[in-house]
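Notes for the structure review
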Amino acid sequence: MEVATDEPSTPIKQDIKKGNLRFYPYNINWNYGLIPQTWEDPDVTNTEVDADGVAGDNDPVDVVEIGSAAGKMGGVYKVKPVGVFAMIDDGELDWKVIAISVDDPKANMVNDVEDVEKHYPGELEKIRVWFRDYKIPDGKPANRFGLDDKCMNKEYTMKVIEETHEFYKSLKSGKRANTEELSLA
């Protein structure tokens, strides 16, 4: 399922690729969603993430929530961002924020990326491998990760969120032309 960013009110609907419904060959063992009012601008190239430079994937920033409770599709939840991976998918930058629900029993113990490894051993590697490999069964190459495959810390994560929020505000205000024809209603 995906947010249809080019349709009014951006509904959640079955993702379609090349005219076919998209299914994932592996279970996703986390809550997966997006951070509202963020946007990965395809006109902005980031050379810090990758020496060749990668631009945004024209979507909101994705969030992987690692807590113990399953969320409901379309649910809105308060989360605490603690890390971020810089996934490179088909040459585009696709941030993956790692977060924990503020209502999770472990939320007070998980405040930065090193706490994830302490309280959820191996979880960051599982997330990275899942996103690296999920398109391989479709005959596509593995996704890459910038920043030396590292999950960056909370401070870096908050800068990513702030930057992509500024991209969104620029798009929404008209300062940046909506050449991608995204629904801003």
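Here's a quick rundown of the structure. Everything numeric here is computed off the predicted structure, so don't read it as measured data. (Residues numbered from 1 in each chain as written. Predicted model: local features only at pLDDT ≥ 70, side-chain atom pairs only at ≥ 80, totals over all residues. Heavy atoms only, no water.)

1. What to know about the packing of aromatic side chains
- Tallied over the full model, the rule gives six aromatic pairs.
- Ring centres 6.1 Å apart and planes at 85° place the aromatic pair Phe131 and Tyr134 in the edge-to-face group.
- Look at Phe131 and you get buried, because its relative accessible area is 2%.
- Taking relative accessible area as the criterion, Tyr134 reaches 8% and is therefore assigned buried. (Phe/Tyr/Trp six-rings, centres within 6.5 Å; stacked < 30°, edge-to-face > 60°. Buried < 20%, exposed > 50% of the residue type's maximum accessible area, 1.4 Å probe, protein only.)

2. Section: helix H3 (residues 154-173)
- Spanning 20 residues, H3 covers 28 Å between terminal C-alpha atoms, matching the ideal 28 Å at 1.5 Å per step.
- Buried within H3 are the following residues: Tyr156, Thr157, Val160, Ile161, Thr164, Phe167, Tyr168, Ser170 and Leu171.
- Here the buried face of H3 lies against strand S5 (31-35), strand S8 (61-65), strand S9 (79-89) and strand S10 (92-101).
- Two to three positions downstream of the cap, the backbone nitrogen of Glu155 sits 3.3 Å from a side-chain oxygen, assigning the N-cap of H3 to Asn153. (Helix = DSSP H or I, 4+ residues; strand = E, 2+ residues; numbered from the N terminus. Expected span 1.5 Å × (residues − 1). Contact = heavy atoms within 4.5 Å. Polar contact = N/O pair within 3.5 Å; in protein donor to acceptor, adjacent residues only side chain to side chain.)

3. Regarding the nonpolar core
- Ranked by size, the top nonpolar core spans 19 residues in total, and within it Ile66, Phe85, Ile98, Val116, Leu124, Ile127 and Phe131 carry the most contacts.
- Among the secondary structure elements, those contributing two or more residues to this core are S9, S10, helix H1 (113-119) and helix H2 (123-133).
- In terms of residue count, H2 provides more of this core than any other element does, four residues in total.
- With near-sequence residues (within four places) excluded, Leu124 lies in contact with Phe85, Ile98, Val113, Val116, Glu117 and Cys151.
- The next biggest cluster of nonpolar side chains, apart from the first, holds 16 residues, and it includes Val61, Ala86, Val97 and Val160. (Core = buried A, V, L, I, M, F, W, Y, C linked by side-chain atoms within 4.5 Å.)

4. Considering the pattern of salt bridges
- In total, this model carries 13 salt bridges according to the counting rule given.
- We note a salt bridge from Asp94 to Lys96, for which the minimum N-O separation is 3.1 Å. Comparing Asp94 with Lys96, the two get one shared label, buried.
- Between Asp149 and Arg128 there is a salt bridge; the shortest N-O distance is 4.0 Å. With Asp149 in the loop between strand S11 (144-145) and H3 and Arg128 in helix H2, this residue pair connects regions lying 21 residues apart in the sequence.
- Residue Asp149 is classed as partly exposed on the basis of its relative accessible area of 37%.
- Connected via shared salt-bridge partners are Asp41, Asp43, Arg176 and Glu180. (Salt bridge = Lys/Arg side-chain N within 4 Å of Asp/Glu carboxyl O.)

5. Some thoughts on the environment of Glu7
- Tracing the backbone through its elements, the reader meets Glu7 in the loop between strand S1 (2-3) and strand S2 (12-13).
- For Glu7, a relative accessible area of 27% translates into the label partly exposed.
- The spatial distance from the C-alpha of Glu7 to the C-alpha of Asp104 is 33 Å, given a sequence separation of 97 residues.
- Beyond its immediate stretch of four places on either side in the chain, Glu7 contacts Lys13 and Ser183.

6. Some details on unusual backbone geometry
- One non-glycine residue, Asp90, lies in the positive phi region at around 50°.
- One can find Asp90 in the loop between S9 and S10.
- Residue classification places Asp90 among the exposed residues on the basis of a relative accessible area of 58%.
- Phi at Leu147 is positive, roughly 55°, even though this residue is not glycine.
- Position of Leu147 relative to the elements: it lies in the loop between S11 and H3.
- Overall, Leu147 belongs to the buried group, its relative accessible area being 11%.

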